[in-house]
Amino acid sequence: MLRVKRHQRSQAGDPAFVDRTAAHFRRFHGDATAALSDDELRFRIRHGIERGRAHGLTWESSLTVFVAHMIEICPAFDEHPAAARVLADEAIPADERVEALLAHLSEDEWEEAARMGDPAAYWARVHAEEEDGEGRV
């Protein structure tokens, strides 16, 4: 019998979690996901989970909110200086940092984050890195 260890599942994006997240996004973020195929949505979710885990996120709820920000606001929203500061703030437990973003970022900072870069170019780069085997977050 094949046994998949927890760390292997998390490295693969835990398919059941990805499926639940995709269903959630189809239901609650339909405008942002309508043009995406199921495969593309799952690809973006897996990438977002990896990116969220790079910030120390472990809870499904915090990872889901993080990925929702990537899809709704901007794929690189976490590179905005204010967001990056909160996501790196060790005084805040890692899984609470996503919620802390709401309290710490101003409306103007969220708008700046939304204008950071070109989402289509971001996803094209991520796909190219995946094909090259680099798979960087």
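Rules and cut-offs
Residues numbered from 1 in each chain as written. Predicted model: local features only at pLDDT ≥ 70, side-chain atom pairs only at ≥ 80, totals over all residues. Heavy atoms only, no water. Helix = DSSP H or I, 4+ residues; strand = E, 2+ residues; numbered from the N terminus. Contact = heavy atoms within 4.5 Å. Areas by Shrake-Rupley, 256 points an atom, 1.4 Å probe, with all protein chains shown as cover. Salt bridge = Lys/Arg side-chain N within 4 Å of Asp/Glu carboxyl O. Buried < 20%, exposed > 50% of the residue type's maximum accessible area, 1.4 Å probe, protein only. Phe/Tyr/Trp six-rings, centres within 6.5 Å; stacked < 30°, edge-to-face > 60°. Core = buried A, V, L, I, M, F, W, Y, C linked by side-chain atoms within 4.5 Å. pLDDT = per-residue confidence, 0-100.

### Observations concerning the overall build of the chain
Part 1: Within the chain one finds 9 helices and 0 strands.
Part 2: For the chain, the α and β elements follow one another from N to C terminus as α-α-α-α-α-α-α-α-α.
Part 3: Long-range contacts, defined here as pairs at least 24 residues apart, represent 59% of the contacts in the chain between residues at least 6 apart.
Part 4: Of the roughly 8100 Å² that the chain leaves accessible, carbon and sulfur atoms contribute 51%.

### Regarding the pattern of salt bridges
Part 1: Under the defined criterion, the tally for this structure stands at 7 salt bridges.
Part 2: Here Asp19 makes a salt bridge to Arg42, at a shortest N to O gap of 2.9 Å. Residue Asp19 is located in helix α2 (residues 15-28), and its partner Arg42 is located in helix α4 (residues 38-54); the two are separated by 23 residues in the primary sequence.
Part 3: By relative accessible area, which is 37% here, Asp19 ends up partly exposed.
Part 4: The salt bridge involving Glu60 is made with Arg20; its shortest N-O contact spans 2.5 Å. With a gap of 40 residues between them, Glu60 in helix α5 (residues 60-72) and Arg20 in helix α2 connect regions that are remote in the sequence.
Part 5: Overall, the relative accessible area of 37% leaves Glu60 in the partly exposed class.
Part 6: Given the relative accessible area of 44%, Arg20 is considered partly exposed.
Part 7: Among the ionic contacts, a cluster of salt bridges with common partners joins Arg51, Asp78 and Glu79.

### What about the packing of aromatic side chains?
Part 1: By the definition in use, this model includes 2 aromatic pairs.
Part 2: Residues Phe66 and Phe77 carry aromatic rings whose centres are separated by 5.1 Å and whose planes lie at 55° to one another, so their mutual orientation is tilted. Pair noted here: Phe66 is in helix α5 and Phe77 is in the loop between α5 and α6 (81-88), with a separation of 11 residues, a long-range link. Across the pair, exposure class does not vary: Phe66 and Phe77 are buried alike.
Part 3: Each ring, one from Tyr122 and one from Trp123, has its centre 5.0 Å from the other, and the planes form 85°; the classification is edge-to-face.

### Re the nonpolar core
Part 1: Core analysis: the largest hydrophobic core is formed by 33 residues, its most contacted members being Ile45, Phe77 and Leu101.
Part 2: If you list the elements that add at least two residues to this core, you get α2, α4, α5, α6, α7 (97-104), α8 (107-114) and α9 (119-132).
Part 3: With 6 residues, the top contributor of residues to this core is α5.
Part 4: Other than its neighbours up to four places away in sequence, Ile45 contacts Val18, Thr21, Ala22, Phe25 and Val67.

### Description of the environment of Ala113
Part 1: Turning to its location among the elements, Ala113 is positioned in helix α8.
Part 2: On the basis of relative accessibility, which here comes to 0%, the residue Ala113 falls in the buried class.
Part 3: Expressed as a C-alpha distance, the spacing of Ala113 and Ala83, which sit 30 residues apart in the sequence, is 8.3 Å.
Part 4: The contact partners of Ala113, leaving out residues within four places of it in the chain, are Ile73, Cys74, Phe77 and His80.

### A short note on the confidence of the model for the chain
Part 1: Looking at the chain, pLDDT values average 90 and 88% of them are 70 or higher.
Part 2: Between the elements of the chain, mean pLDDT differs from a low of 50, seen in helix α1 (residues 6-11), to a high of 98, seen in α6.

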